[in-house]
Structures are given as structure tokens and as C-alpha cells.
Amino acid sequence: MDKEKELQKIKEEVSVCDKCILSKTRTNTVPGEGNPDAEVLFIGEAPGENEDKKGIPFCGAAGKFLDEMLGKIGFDREDVFIANTLKCRPPGNRDPEDEEKNACLFYLKRQLKIIDPKLIVLMGRHAATTYLPGAGGISKLHGKPMRRPNGYIYLPLYHPAAALHNGGLRETLVDDFNKIPIILKKINSISDQKHNQDKSNQKDVNKQLKLI
Ligand code: URA
Ligand code: SF4
């Protein structure tokens, strides 16, 4: 099956999913969308009111800010893939429960495997703690790419919704966001080196990923 079809199959499964209680209160599922061959996968927290109404991730104020930041680094939404730790809106935008995140990871893990991005950008503490358990809080992790034993490289960032109305966080988020093209370049050069040399271990890769 090609990537597009595999992603479509997940979308269809999600649309009728009742693995957690959010299925009872959602209007629409928000499976995530974008380029099946994206180099960068963005993972947010959960759909909000606008997303629940439209079934589209990041289509409200935080999404507009995300689009702006993408534009500044030369990306369109169509170039990347955008998803969330949860595919259904928690009522009143309450925090996701662990039970819900664990149930919903089943889909995101499969999307990740299909897309196989070079970089996974984790937006906000929910995405960061879900994918980097035990690594620390977002205030320590933000802006630093790290490679995990599963081979994937993650970049935790502050959440655009949290940064939108907070000048200091906003500046930090924009600075961190602007590192994405530099990180991608590094990743490409590391994988070229790997091609030519012996296998580098995780520590070496993390050392090479250290920016500026
Ligand atoms: N916030 C998120 O985390 N995800 C969305 O899709 C919208 C807002
Ligand atoms: Fe299913 Fe995820 Fe929606 Fe829960 S949040 S009902 S696990 S799709």
C-alpha cells in the first residue's frame, strides 16, 4: 500500500474510534494532515474548539501563529505533517488524561512509522512528556534536538498557544523554531557521513546535533 493510502486507512479508523471517553463528546475527529513524505512531523497537544468543529489540526489562533512561523522558515503547511497527541477534543480544552494519551498513541505511532520524518517537533509539555518521558520539563528541553534510542530525532518547543500572548515565551519559541532548517541541515550531513563512514552511536549523533 502506498503511504497516502495507509494514512487514509488510519484516518478512517480514527473517525469511528471509541478507545477512550473523548469519543462521546467530540464533534469531529482530527487525525492530522499534511505531506506523507514530510521531513518534519509537528505534534501538538489536542484539538481545541475550532479543530473539533472542522476536523483540521491547528486551524485557530495558535494555528495561524504556527503557519506564520512555518512561512518564515520557508515551509507551507503542505510541506509538513501536523498532528496531535490526541485526535479528539477534551471537553472545555481540559488537559489530556494519561489514559487518553496512551489509547490514542496507537494511531500516532503508526502515522510516524509511515511518514518516517527526519525530525519530530514536539509542541508543548504534553507532546514532550508523551514522547520523551523522564527527559525533564519543557523549560529545560525546549530548543534542543535530541536523538532517542528508537533512532528518531526530536525537537521540543513551547506550545504556540502558550507563547501567543506571552512576549518572553513568544520570542523564545520563534528563536527555537528558526533552528529547524539548521537542524535539518545537520541531520542531512550526519546521515551523509554515516553513509560514508562507520556507524555513529547515539552519543556521537547527539554531540553532533548540538547547535551553536
Ligand atoms: N492546540 C493544539 O495543541 N492542537 C491543535 O490542533 C490546536 C491547538
Ligand atoms: Fe480514539 Fe484518540 Fe479519539 Fe480517544 S482521542 S476516541 S483514542 S481517536
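Details of the structure are given in the entry above.
Here the structure is a predicted model, which is why all the values come from computation and not from measurement.

Caption draft 1: Region of interest: the overall build of the protein chain. Across its full length, the protein chain holds 10 helices and six strands. The dimensions of the protein chain, computed from C-alpha atoms along their principal axes, are 50 × 45 × 35 Å. Counting the 212 residues in the protein chain, one finds 36% classified as buried. Restricting the contact set of the protein chain to residue pairs at least 6 apart, pairs at least 24 apart contribute 71%.

Caption draft 2: Structural view of unusual backbone geometry. For F58, which is not a glycine, the phi torsion comes out positive at approximately 45 degrees. Mapped onto the elements of the fold, F58 is located in the loop between helix 2 (49–54) and helix 3 (61–72). Positioned with a positive phi, N93 is a non-glycine residue whose angle comes to about 60 degrees. Structurally, N93 is set in the loop between strand 3 (81–84) and helix 4 (98–115).

Caption draft 3: Up close: the sheet that holds strand 6 (residues 153–157). Within the open sheet, the six strands sit side by side as 1-3-2-4-6-5. Their pairing is mixed. Pairing within the sheet leaves two strands with one partner each, and these edge strands are strand 1 (33–34) and strand 5 (146–147). Both strand 5 and strand 6 contribute to a ladder of two bridges, which runs antiparallel. Each residue of the ladder has a partner; that of R147, found in strand 6, is I153.

Here is what the cut-offs are and how they apply
Residues numbered from 1 in each chain as written. Chains lettered and ligands numbered in written order. Predicted model: local features only at pLDDT ≥ 70, side-chain atom pairs only at ≥ 80, totals over all residues. Helix = DSSP H or I, 4+ residues; strand = E, 2+ residues; numbered from the N terminus. Buried ≥ 20, exposed ≤ 12 C-beta atoms within 10 Å, placed from the backbone. Contact = placed C-beta atoms within 7 Å. Pairing = 2+ DSSP bridges.

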